[in-house]
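Examining the three-dimensional arrangement
Spelled out from the first residue to the last, the chains are:
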Amino acid sequence: MSRARFSLSLLAAATLAGCSNYTSPSNPPGGGGMQAANGISIVLGAQSKGTAAFSPNPRTISLASATGGLVIWTNNDQNGGVYGGTGVTHNITADNGSFTSGNLLPGATFETTLAGPGDYPYHCSIHPTMKGTVTVTP
């Protein structure tokens, strides 16, 4: 009888420990997580925010920096929780067609390197009111 009680106690302790060890992700749903150098976040509810769909927007990067012209977009437009989450698919498309991400599911990233100085306007072709600009400086 004491062996069965001991096993039951261990099972209960393991179950409770599993419930209390939840840690939030380093890049929580909806943004607000750590942002990579030259990173741009697609924010929660982006499809209805126009130019505020991207943060920061506009984004200025320097070719002289350690990361050069690398730009990284992260789709943080997701509603999450302990049991998983759902979100909205977006994409990043240069207005001049020079780059496109394809569809970015929630949590996905897209990176491209912009080789020369200038303004690089982009949008989400799924939600055309979502617009942003990356300015590259020498």
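Summarised in this report is the structure supplied together with it. For clarity, every value in this text was computed on a predicted model and none was experimentally measured.

A word on the environment of threonine 137. Mapping threonine 137 onto the fold places it in strand S10 (residues 131-137). When residues no more than four places from it in sequence are discounted, the contact partners of threonine 137 are Thr60, Ile61, Ser62 and Leu63.

A full pass over the atoms with the stated rule returns five aromatic pairs. Between phenylalanine 54 and tyrosine 122, the aromatic rings sit 4.9 Å apart at their centres with planes inclined by 75 degrees, giving edge-to-face as the arrangement. Here the residue phenylalanine 54 occupies a position in strand S2 (residues 54-55), and tyrosine 122 occupies one in strand S9 (residues 118-123), the gap between them amounting to 68 residues. Owing to a relative accessible area of 3%, phenylalanine 54 belongs among the buried residues under this scheme. Accessibility expressed as a relative area gives 1% for tyrosine 122, which makes it buried. Ring plane angle 75 degrees and centroid distance 5.2 Å describe the contact between tryptophan 73 and tyrosine 122, whose orientation is recorded as edge-to-face. With a gap of 49 residues between them, tryptophan 73 in strand S4 (residues 70-75) and tyrosine 122 in strand S9 connect regions that are remote in the sequence. The same class applies to tryptophan 73 and to tyrosine 122, which are both buried.

Strands belonging to one sheet form pairs held by backbone hydrogen bonds; the direction of such a pair is parallel or antiparallel. Here we have four strands laid out as an open sheet, ordered S2-S1-S4-S8, and mixed in their pairing. Strands at the two margins of the open sheet, each flanked by one partner only, are S2 and strand S8 (109-113). With two bridges joining them, strand S1 (residues 39-42) and S2 adopt antiparallel strand pairing. Residue pairing across strands places isoleucine 42 opposite phenylalanine 54, the latter belonging to S2.

Our focus in this paragraph is the sheet that holds S9. With mixed pairing, four strands are arranged side by side in an open sheet as S3-S10-S9-S7. The strands lining the two open edges of the sheet, one partner per strand, are strand S3 (59-62) and strand S7 (93-94). Pairing geometry for S9 and S10, over six bridges, is antiparallel. Counted as the bridge partner of tyrosine 120 is valine 134 from S10.

Cut-off values and rules
Here, residues in each chain are numbered from 1, in the same order as that chain's written sequence. Predicted model: local features are reported for residues with pLDDT of at least 70 only, side-chain atom pairs are reported and counted for 80 or more only, and whole-chain, interface and lining totals are derived from all residues. Side-chain metrics in this entry use all non-hydrogen atoms of the structure; hydrogen atoms and water are not considered. Counting from the N terminus, the helices are DSSP H or I runs at least four residues long and the strands are E runs at least two residues long. Two residues qualify as a contact provided that any one of their heavy atoms is within 4.5 Å of a heavy atom in the partner residue. Aromatic pairs are defined between Phe, Tyr and Trp rings, using the six-membered ring for Trp, whenever the two ring centres lie within 6.5 Å; interplanar angles under 30 degrees are classed as stacked, those over 60 as edge-to-face, and all others as tilted. Here the term buried applies to any residue with accessible area under 20% of the maximum for its type, exposed to any over 50%, and partly exposed to those in between, with areas from a 1.4 Å probe on protein chains only. Here, a strand pair is defined by DSSP locating no fewer than two bridges between the strands.

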